[in-house]
Amino acid sequence: MTTLFTSDHEWLRIEGDVATIGVTDYAQSQLGDVVFVELPKVGRALKKAEAAAVVESVKAASDVYAPISGEVLEVNEALAAEPALVNSDAGGKAWFFKLKIADKSELHGLMDEAGYAKHTA
């Protein structure tokens, strides 16, 4: 399992041909208290950099972008019921959606943990 990061503060956990995607702890700390999450529909084909989900906090609404292209396999229904999970467990239970990876070469532009730490420093 590999974890990668985008400059837009999404994380991806890669397991075989599936990427689980969420927002980073840094992103949730910038957003403040999350009050609503809109997730993509299962079966939707997403293109890299396309808006895939929406996170609304007491401060602002932000798009969550697809870091790579693929088909949505699953969404985290728990977030609809409990959007505050994004604040309490951004890197774990608060994953947003799982994608079937369309093109693994799109992973090459993403950062590892050390690169992301530098990006947010």
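In short, a report on the structure. Position labels on residues start from 1 in each chain and follow its written sequence. Where local features are concerned, this predicted model is filtered to residues with pLDDT of at least 70; where side-chain atom pairs are given and counted, the filter is 80 or more; whole-chain, interface and lining totals use all residues. Here the side-chain values reflect all heavy atoms present in the structure, with hydrogen atoms and water set aside.

Let's talk about the overall build of the protein chain
Spelled out, the test is: Segments assigned H or I by DSSP are reported as helices when at least four residues long, segments assigned E as strands when at least two residues long, and all are numbered from the N terminus. Our radius of gyration looks at C-alpha atoms and nothing else; its globule reference is 2.2 Å times the residue count to the power 0.38.
Secondary structure summary: the protein chain contains four helices and nine strands in total. Its helices and strands taken in sequence order, the protein chain reads β-β-β-α-β-β-β-β-β-α-α-β-α from the N to the C terminus. For the protein chain, the C-alpha radius of gyration of 13 Å lies close to 14 Å, the compact-globule estimate for 121 residues. By its C-alpha atoms, the protein chain is 35 × 35 × 20 Å across when sized along the principal axes.

Some details on the nonpolar core
Inclusion rule: We call a set of buried Ala, Val, Leu, Ile, Met, Phe, Trp, Tyr and Cys residues a nonpolar core when their side-chain atoms join them within 4.5 Å. The rule is simple: take the accessible area with a 1.4 Å probe, protein chains only, and divide by the maximum for that residue type; under 20% is buried, over 50% is exposed, in between is partly exposed. Residue contacts follow a heavy-atom distance rule, with two residues in contact if any of their heavy atoms lie within 4.5 Å.
In terms of nonpolar packing, the biggest core is built from 30 residues, with Leu12, Ile68, Leu79, Val86, Phe96 and Phe97 touching the most fellow members. In contact with Val86, other than residues within four places in its own chain, are Val23, Gln28, Val34, Val37, Leu79, Ala94 and Phe96. Among the nonpolar cores identified, the runner-up in size contains five residues, and Phe5, Trp11, Trp95 and Tyr116 belong to it.

Some words on the sheet that holds strand S7 (residues 61-65)
Backbone-to-backbone hydrogen bonds join strands into a sheet, with any given pair of strands oriented parallel or antiparallel. Operational definition: A pair of strands counts as paired when DSSP detects no fewer than two bridges linking them. To obtain an axis, a line is fitted to C-alpha atoms, over the contacting stretch when the element is a helix, and the angle between two such axes runs from 0 to 180 degrees between their N-to-C directions.
Pairing within the open sheet is antiparallel, and its three strands lie in the order S4-S6-S7. Because the sheet does not close on itself, it has two edges, and the strands there are strand S4 (34-38) and S7. Going across the sheet, the axis of each strand differs from the next one's by a mean of 25 degrees, ignoring polarity. Strand direction decides the pairing type here: S4 and strand S6 (residues 51-57), joined by four bridges, are antiparallel. Bridged to Glu38 within S6 is Val54.

So, the environment of Ala61
Mapped onto the secondary structure, Ala61 falls in strand S7. Placed 25 residues apart in sequence, Ala61 and Phe36 show a C-alpha to C-alpha distance of 9.0 Å. Sequence-distant contacts of Ala61, that is, excluding residues within four places in its chain, are made with Val55 and Glu56.

Focus: the pairing of S6
In terms of burial, S6 is a largely internal element, five of the seven residues being buried. Note: S6 against S7, five bridges, orientation antiparallel. Looking at S7, one finds that Ala51 is bridged to Tyr65. Taking the residues between adjacent antiparallel strands as the criterion, S6 and S7 are bridged by three residues.

Section: the sheet that holds strand S5 (residues 45-46)
Taken together, the six strands give an open sheet; going across it, the order is S1-S2-S3-S9-S8-S5, and neighbouring strands pair in antiparallel fashion. Unpaired on one side and paired on the other, strand S1 (2-5) and S5 mark the two borders of the sheet. When strand S2 (residues 10-15) meets strand S3 (residues 18-23), the two strands line up antiparallel, connected through six bridges. Bridging from a neighbouring strand, Arg13 pairs with Thr20 of S3.

By themselves, these are just geometric observations and shouldn't be taken as functional.
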